[in-house]
Amino acid sequence: MATTALRKVTMAVLAPAMAIGATVGLASAPASAAVWSSCAQYGNTSLNGYTLYNNIWGSGAGAQCIWANSGTNWGVNANHPNTGGIKSYPNAKKVINKSITSLGSLSSSYNVTVPSSGSYNTSYDIWDTNYDYEIMLWMNKTGAVGPLGTSQGNVTLGGHTWTVYKGNNGSNDVFSFIRTSNSSSGTVNVLPILKWIKDTKGWFGNVTIGDLQFGFEITSSSGGLDFAVNSESVSSS
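Residues numbered from 1 in each chain as written. Predicted model: local features only at pLDDT ≥ 70, side-chain atom pairs only at ≥ 80, totals over all residues. Heavy atoms only, no water.

### A look at the sheet that holds strand β14 (residues 208–220)
- With mixed pairing, the 9 strands of this open sheet are ordered in space as β2-β3-β6-β14-β8-β9-β12-β11-β10. Looking along the sheet, the strands with just one partner apiece sit at the ends: β2 (44–47) and β10 (150–157). Pairs of neighbouring strands in the sheet enclose a mean axial angle of 25°, with direction left out of account. (Pairing = 2+ DSSP bridges. Helix = DSSP H or I, 4+ residues; strand = E, 2+ residues; numbered from the N terminus. Axes fitted to C-alpha atoms, helices over the stretch in contact; angles between N-to-C directions.)

### Some details on the packing of aromatic side chains
- Tallied over the full model, the rule gives 14 aromatic pairs.
- Plain terms: the ring middles of Y110 and Y124 are 6.3 Å apart, the flat faces sit at 80° to each other, and that makes the pair edge-to-face. One end of the pair, Y110, is in strand β7 (residues 106–113); the other, Y124, is in strand β8 (residues 119–128), and 14 residues separate them in sequence. Judged on exposure class, the residue Y110 and its partner Y124 are both buried.
- In textbook terms, an aromatic cluster arises when at least three aromatic residues are bridged by ring pairs, as seen for Y133, W162, F175, F177, W196, W203 and F204. (Phe/Tyr/Trp six-rings, centres within 6.5 Å; stacked < 30°, edge-to-face > 60°. Buried < 20%, exposed > 50% of the residue type's maximum accessible area, 1.4 Å probe, protein only.)

### Remarks on the sheet that holds strand β4 (residues 63–70)
- Read from one edge to the other, the open sheet built from 6 strands follows the order β1-β4-β5-β15-β7-β13, with strand pairing classed as antiparallel. Both outer strands of the open sheet, β1 (36–38) and β13 (185–189), are each paired with one neighbouring strand and no more. Here the strands of the sheet are splayed against their neighbours by 20° on average, with no regard to which way each runs.
- In this structure, β1 lies alongside β4, joined through 3 bridges in antiparallel fashion. In the strand pairing of β4, W36 is matched with A68.
- Against the sheet, helix α2 (residues 190–201) engages β7 and β13, with an angle of about 45° to β13. (Contact = heavy atoms within 4.5 Å.)

### Observations concerning the confidence of the model for the protein
- Averaged over the protein, the pLDDT score is 90; the fraction of residues at 70 or greater is 86%.
- A low-confidence stretch, residues 1–29 stays under pLDDT 50, and its non-local contacts, those more than four residues away or across chains, total 72 contacts. (pLDDT = per-residue confidence, 0-100.)

Written as structure tokens, this is what we have:
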């Protein structure tokens, strides 16, 4: 949930040396050897243009290990207790660094495998370079999770129909687009969503888009659950 979005900003600017952060427990990596794996709380690495973060930031978190075959094929095994509050947001980040009006296109394709139990969402988390605005795109959700703010109604944009929420977490404005039905694979055209916020709603101006993250916002996964990004791509012009 975006109420604690500031931790994503913190993780986004960590130097690789921060990977020596505390290990919060042991969880299993995939049976086949991955190119990279880490059980460190803030374990991170860069692979073929994407930066991967284990990012266990919430209070009362359990064990979580991240593995990656590439920047676009990765996953986690997470064993977080069945308590409220987000425990982690493992993600892969792509840096855009273009203003909305200078973007000719911005889109992403995704294919994930997620558990049928637990509480989590699979989401894009998009930030401007000043971290004043956060745009979340929830592609699926399971269990007791919900967005920050108040509903602004439904809209069809970028190839999907969403319920839109607008709020503020005390540090930045948050615009959450919750897909009206769960999806585990597809393509989302991000640029029309940004233009709708800017031009139709006037919620921000011609901001520069910085980080585009994609991952799993996990509240509970008791017993150990597997989340996988089978493939992902981010393209912009």
